[in-house]
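Residues per chain are reported as follows:
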Amino acid sequence: AQSVSQHNHHVILSEAASLELGCNYSYGGTVNLFWYVQYPGQHLQLLLKYFSGDPLVKGIKGFEAEFIKSKFSFNLRKPSVQWSDTAEYFCAVNGGSQGNLIFGKGTKLSVKP
Amino acid sequence: GAVVSQHPSRVICKSGTSVKIECRSLDFQATTMFWYRQFPKQSLMLMATSNEGSKATYEQGVEKDKFLINHASLTLSTLTVTSAHPEDSSFYICSARQGDHTEAFFGQGTRLTVV
């Protein structure tokens, strides 16, 4: 069965630190990969997505992710985090039989000012 | 991006009662809506997929008689939790998309607490 694994449950960083959140997926077909962010009390918002082409994808708010097919990975990165990046981050792949997304468990990011 | 509005954002109900959650696409026509459930520290798990004008497709293990889904129009889908029990307490999230291979947009979620 398709699955998405996010390795870190909770990451705590100081402002200006660099961020990398791991995401591995298991899916045999053509993948579309997504990172969503959920700020406290708000909707899930799309940070970035990979459908095809350049495996290094740039998203909003300075985030980027790299699709490495050989490693089945799609890690999220940001060179310098801000307090306002405190949120929960979800990796997802389009692997559902209904065209739905399959989500990882999420990683909570806490950025200390 | 497009807006999906979910209502209510929080609801507390007594055990045995029913609760209806609405999911509306405000500025696009949603041919497909997805209903997810999220337990604490868990993934969003798909409960069912609804296409406008047809019966919802439920995932294995989801009771269709307990979680009634109606997708009566291209902008509205509802999830009714019938005869709610404390174990139904969870965070329910809908998402909507305009067509196949398009991005799905998410509602803000509904926190259901059954007491």
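Here the structure is a predicted model, which means the values were calculated and not measured.

Please explain the overall build of chain B as it appears in this structure.
Secondary structure assignment for chain B yields zero helices and 11 strands. Each helix and strand of chain B, placed in order from N terminus to C terminus, yields the pattern β-β-β-β-β-β-β-β-β-β-β. For 115 residues, the compact-globule estimate of 2.2 N^0.38 gives 13 Å, and the C-alpha radius of gyration of chain B, at 13 Å, lies within 12% of that figure. Out of the 115 residues in chain B, the part that is buried amounts to 48%. For chain B, the accessible surface area stands at approximately 5700 Å², while carbon and sulfur atoms represent 50% of it. Measuring between centres, the 11 positive side-chain charges of chain B sit 7 Å from its 10 negative side-chain charges.

Help me understand the overall build of chain A, please; the structure alone is not making it clear to me.
For chain A, the helix and strand inventory stands at zero helices and 12 strands. Computed over the C-alpha atoms, the radius of gyration of chain A is 13 Å, within 12% of the 13 Å expected from 2.2 N^0.38 for a compact globule of 113 residues. With the C-alpha coordinates aligned to their principal axes, the bounding extent of chain A is approximately 40 × 30 × 20 Å. Here chain A holds 113 residues, and 46% of them are scored as buried. Partitioning the contacts of chain A with sequence separation of at least 6, the portion at a separation of at least 24 is 53%. Accessible surface, chain A: about 5400 Å² in total, of which carbon and sulfur atoms supply 52%. Put simply, chain A has 10 plus and 7 minus side-chain charges, and the middle of one group is 4 Å from the middle of the other.

Where do I start with the sheet that holds strand β3 (residues 19-25) of chain B in this structure?
Two strands in a sheet stick together by hydrogen bonds in their backbones, pointing the same way (parallel) or opposite ways (antiparallel). Residues and elements named next belong to chain B. Spatially, four strands are ordered β1-β3-β8-β7 in an open sheet, and the strand pairing comes out antiparallel. Where the open sheet ends on each side, the last strands, each with one partner, are β1 (4-7) and β7 (67-73). Adjacent strand axes in the sheet meet at a mean angle of 15° when their direction is disregarded. Pairing of β1 with β3 involves four bridges; the strand directions are antiparallel. Across the sheet, Val4 pairs through a bridge with Ser25, a residue of β3.

Hey, could you run me through the interface of chain A and chain B in this one?
Frequently, the measure chosen for interface size is the accessible area removed from exposure when the parts meet. Between chain A and chain B, the residue contacts involve 16 residues of the former and 19 residues of the latter. In total, chain A and chain B occlude about 1600 Å² of area from one another, counting both sides; carbon and sulfur atoms represent 55% of this. Run the count over chain A and chain B and you get zero salt bridges. Counting the contacts that link chain A with chain B gives four residue pairs in polar contact (both at pLDDT 80 or more). Of all the elements in the fold, those that place two or more residues in the side of chain A that touches chain B are β5 (33-38), β6 (44-50) and β11 (101-103) of chain A. When residues in the side of chain A that touches chain B are grouped by element, the largest group, three residues, is from β6(A).

What is the right way to look at the packing of aromatic side chains in this model?
What characterises a pair of aromatic rings is the spacing of the ring centres plus the angle enclosed by the ring planes. Inspection of every chain in the model, using the stated rule, returns 15 aromatic pairs over all chains. Ring centres of Phe34(A) and Phe51(A) lie 5.8 Å apart, and the angle between their planes is 80°; on these two criteria the pair is classed as edge-to-face. Residue Phe34(A) is located in strand β5, and its partner Phe51(A) is located in the loop between β6 and β7 (56-58); the two are separated by 17 residues in the primary sequence. What makes Phe34(A) buried here is its relative accessible area of 5%. Here Phe63(A) and Tyr89(A) contribute two aromatic rings whose centre-to-centre distance is 5.6 Å and whose plane-to-plane angle is 45°, an arrangement assigned as tilted. Here Tyr89(A) lies in strand β10 (residues 87-94) and Phe63(A) lies in the loop between β7 and β8 (64-68), a separation of 26 residues in the sequence. Through a chain of ring-to-ring contacts, the aromatic side chains of Phe34(A), Tyr36(A), Phe51(A), Phe90(A), Phe103(A), Phe34(B), Tyr36(B) and Phe106(B) assemble into a single cluster.

Hey, could you run me through the side chain of Thr82(B) in this one?
Residue and element names in this part refer to chain B. Turning to its location among the elements, Thr82 is positioned in the loop between β8 (76-81) and β9 (90-97). Polar side-chain contacts of Thr82 include one of 3.2 Å to the backbone oxygen of Asp65. For Thr82, the residues in contact, after removing those within four places along its chain, are Thr17, Ser18, Asp65, Lys66 and Leu68.

Criteria and thresholds
Residues numbered from 1 in each chain as written. Chains lettered and ligands numbered in written order. Predicted model: local features only at pLDDT ≥ 70, side-chain atom pairs only at ≥ 80, totals over all residues. Heavy atoms only, no water. Helix = DSSP H or I, 4+ residues; strand = E, 2+ residues; numbered from the N terminus. Rg over C-alpha atoms; globule rule 2.2 N^0.38 Å. Buried < 20%, exposed > 50% of the residue type's maximum accessible area, 1.4 Å probe, protein only. Areas by Shrake-Rupley, 256 points an atom, 1.4 Å probe, with all protein chains shown as cover. Lys, Arg positive; Asp, Glu negative; His and termini not counted. Charge placed at Lys NZ, Arg CZ, Asp CG, Glu CD. Contact = heavy atoms within 4.5 Å. Pairing = 2+ DSSP bridges. Axes fitted to C-alpha atoms, helices over the stretch in contact; angles between N-to-C directions. Buried area = accessible area lost by both parts, 1.4 Å probe. Salt bridge = Lys/Arg side-chain N within 4 Å of Asp/Glu carboxyl O. Polar contact = N/O pair within 3.5 Å; in protein donor to acceptor, adjacent residues only side chain to side chain. Phe/Tyr/Trp six-rings, centres within 6.5 Å; stacked < 30°, edge-to-face > 60°.

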